[in-house]
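Topology and contacts: notes
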Amino acid sequence: MERNGMARLYADIAKNLFQSLAGAASVWDNETRAAEEIMTRATRHSGEEMEAVFTADETTTGAAFLARIGDLTRAQAFLWASAGLAAGERLGRAASAGATLPGSVDLAAFGWAPRASVLGAVAADLWLGYAALRERARWMPNLVGDEDWELQHRRGAGRVLDAAAALGGTLIKAAQFASTRPDLLPASYTEILSELQDRVPPQPWPVIEGAVAREIDGPLSGVFQAFSREPIAAASIAQVHRARLKDGRTVAVKVQYPGIKSLIEADLAALESIFREISRLEPSVRLQPILDYLRWTLPMELDFRREAEAIARLKNTMSHRDDIVIPEVVEGPGNERLLLMEFVDGIKVTDRERLLAAGIDPRRLAELIVDVYAEQLFRHGVFHADPHPGNLLVQPGSGGPVLVLLDHGITVTVPPELVEALREAVEAISAGDFEALTVALKKAGLDLGPDPDLQTLLGLVGVLFASNRDEVTNLGQFGLKLGSSIGRIPNELLLVGRALGLIDGINHQLDPGFDATEVVARYAQSSY
């Protein structure tokens, strides 16, 4: 080989080695920061839990107070054990990255055991906490009061929240869904878990660069003129970056994290084992619906080809309106793990200050949101089912606000029989006809028993559609009682109900006095 050729070869080797070391260092830095955050969060929660015990009820003294201290001691031991395992799991990712080239980091490469250990520790903590209270209440009822149960609920919810934030992926999805099910969990859980957002710290650039390069089968420069290293959004399954194609078009590139599919499969298997064991020990605890929902929705979210088809279907369905924008799928090197879309900018739907500065009336925006979603559901049966604030942007238009719908991983076709049942339920509520409401809810797939009372019907509407926002505690208590009597709630109904609850929450922020009943009833009545 000529001297110049040898020099170029050595230069290329040195360059690749440097990139490898830099990439591994970036991943290591990212994961060590995550591990530090886990331990910092554990320290904060440890102090909060101790303070809660010592300030909970000043009338609790003697043996009852000592029993409460015992509960705290056991819970603190599990808190630190879980935090240590979660931090170790994140450092395991960093160690895995150190043995790979940039971008080839597989989130599942270091094995499922560390994640399963975290889940097992959290499950053991929760079960022992409740079992101890239950047995103490059975044999020494004077040592257990309502405050003890509430302390346990809040500790348990905190453990689940911490595990979801630390491990991400499936756990975030599970905790988010659990927060919408007061029929399965105490009110403290639904309240605390509702704080969890499907937003996570972004993966380092070498990981994303490598993931995109694998999906396009070559360097990024072969397809893109420019590719932003900073993400627009980072969620539990994928990350979105802004880029410019060779032809000059600006696009949003949604890329799936390497190994996330196998990671999710391992998490679901671990959750299934844990839920099965909990059900054996505590038959009254119903966690299987959470797993059923995840097994239904996660495959949809992991398949970007399906998402591209869903975007095209909804875009075509709503093409007659000029007050909504659905970014178009861009033809290119997309597949089930990579999706290229038209880049669309806007104001976050809950950023009231920026909306007002742009001349957008919050009430008109609230009306538009309800109108758009009521039309999707009742007139077309094609439904953008994940309208959380991060997925809705707003642009000022000549005729009023324009709504931008992002992220169509769970944009679905709603079964016609469910649409009809919901239409009848809306009409029954508007007319105050509770016999018709009973018929409609049964048609939607609910087993309400032979003669449900008015409180049951109204409470059920609140559980499904999160409409009793100001009565969270009462709704949670009612939901638990209701859960034991109605059995399974169909996944399609839960998905629609969750979306309507998210819309209700957004509109409450935009205009607390806005009543969506008239708009919804109009579409329900015109959908014949």
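In short, a report on the structure.

With that out of the way, let us pick up the sheet that holds strand β8 (residues 392–397). What holds strands together in a sheet is hydrogen bonding between their backbones, with the strands either parallel or antiparallel. Spatially, the 4 strands line up as an open sheet ordered β4-β9-β8-β6, and their pairing is mixed. For this open sheet the edge positions go to β4 (324–325) and β6 (347–348), each flanked by a neighbour on one side alone. Taken together, the 6 bridges between β8 and strand β9 (residues 400–405) define a ladder with antiparallel strand orientation. Among the inter-strand pairings, Leu392 is bridged to a residue of β9, identified as Leu405.

The next subject is the pairing of β8. The pairing of β6 with β8 spans 2 bridges and is antiparallel. In the strand pairing of β8, Lys348 is matched with Leu393. The turn linking β8 back onto β9 is made up of 2 residues.

Note that soluble globular proteins tend to have their nonpolar side chains buried in a common cluster. Grouped together as the largest cluster of nonpolar side chains are 131 residues, with contacts concentrated most on Phe224, Leu365 and Leu403. For this core, the element with the most residues is helix α12 (residues 362–380), which contributes 10 residues. Beyond its immediate stretch of four places on either side in the chain, Leu365 contacts Val349, Leu355, Ile360, Val394, Pro401, Leu403 and Leu510.

Mapping Leu66 onto the fold places it in helix α2 (residues 62–98). A sequence separation of 77 residues divides Leu66 from Leu143, and the C-alpha atoms of the two residues are 9.2 Å apart.

Examined against the element boundaries, Glu342 turns out to sit in strand β5 (residues 338–342). Given the relative accessible area of 34%, Glu342 is considered partly exposed. Those residues in contact with Glu342, other than ones at most four positions away along the chain, are Thr250, Ala252, Ile326, Pro327, Glu328 and Val330.

Quick look at empty space enclosed by the protein now. A full pass over the atoms with the stated rule returns 4 cavities of 30 Å³ or more. Approximately 150 Å³ is the volume found for the largest cavity. Taken together, 12 residues line the largest cavity, and the ones lying closest to its centre are Lys173, Gln176, Tyr293, Glu301 and Arg498. Sorting the residues of the lining of the largest cavity by element identifies α5 (170–178) and α9 (288–302) as the ones contributing at least two each. For the lining of the largest cavity, the element with the most residues is α9, which contributes 4 residues. The residue inventory of the lining of the largest cavity, partitioned by class, reads 4 nonpolar, 3 polar and 5 charged. Estimates place the volume of the second largest cavity at around 120 Å³. As for the second largest cavity, its lining consists of 13 residues, and the residues nearest its centre are Ile38, Ser82, Ala83, Asp162 and Ala163. Residues belonging to the lining of the second largest cavity are distributed by class as follows: 9 nonpolar, 1 polar and 3 charged.

At their nearest, the axes of α12 and helix α17 (residues 491–510) sit 9 Å apart, and the two run at 170° to each other. Taken together, the axis directions place α12 and α17 in an arrangement best described as roughly antiparallel. Pair α12 / α17 crosses with left-handed handedness. In this structure, α12 uses Pro362, Leu365, Ala366, Ile369, Val370, Tyr373 and Leu377 to contact α17, whose residues at the interface are Val496, Ile503, Ile506, Asn507 and Leu510. In terms of residue class, the contact of α12 with α17 is built from 11 nonpolar, 1 polar and no charged.

On to the sheet that holds β5, then. On the basis of which strands lie adjacent, the open sheet formed by 4 strands has the order β1-β2-β3-β5 and antiparallel pairing. Two strands in the sheet have a free side with no partner beyond their single neighbour: β1 (224–234) and β5. Put simply, the sheet's adjacent strands are angled 25° from each other on average, direction ignored. In terms of strand pairing, β1 meets strand β2 (residues 238–245) through 6 bridges, oriented antiparallel. Considered in β2, the bridge of Ala234 is made with Gln239.

Turning next to the pattern of salt bridges. Enumeration over the complete set of coordinates arrives at 30 salt bridges. Arg136 is the salt-bridge partner of Asp71, the closest N and O atoms lying 2.6 Å from each other. Within this pair, whereas Asp71 is found in helix α2, its partner Arg136 is found in helix α3 (residues 113–139), the two being separated by 65 residues in sequence. We classify Asp71 as buried; its relative accessible area is 6%. Given the relative accessible area of 12%, Arg136 is considered buried. Across the pair Glu272 and Arg295 runs a salt bridge, and its minimum N-O distance is 2.9 Å. Of this pair, Glu272 sits in helix α8 (residues 260–281) while Arg295 sits in helix α9, and the two are 23 residues apart along the sequence. A single network of salt bridges, built from pairs that share partners, joins Arg321, Asp323, Asp371, Glu375 and Arg522.

Thresholds, definitions, all that
- Residues numbered from 1 in each chain as written.
- Predicted model: local features only at pLDDT ≥ 70, side-chain atom pairs only at ≥ 80, totals over all residues.
- Heavy atoms only, no water.
- Pairing = 2+ DSSP bridges.
- Helix = DSSP H or I, 4+ residues; strand = E, 2+ residues; numbered from the N terminus.
- Core = buried A, V, L, I, M, F, W, Y, C linked by side-chain atoms within 4.5 Å.
- Buried < 20%, exposed > 50% of the residue type's maximum accessible area, 1.4 Å probe, protein only.
- Contact = heavy atoms within 4.5 Å.
- 1 Å grid on protein atoms, 1.4 Å probe; cavity = no way out; pocket = protein on both sides within 12 Å on 5 of 7 lines; lining within 4 Å.
- Points joined across faces, edges and corners; volume = space filled by probe spheres on them.
- Nonpolar A, V, L, I, M, F, W, Y, C, P; charged D, E, K, R; others polar.
- Axes fitted to C-alpha atoms, helices over the stretch in contact; angles between N-to-C directions.
- Parallel < 35°, antiparallel > 145°, perpendicular 65-115°, else oblique.
- Left-handed = near helix turned anticlockwise from the far one by under 90°.
- Salt bridge = Lys/Arg side-chain N within 4 Å of Asp/Glu carboxyl O.

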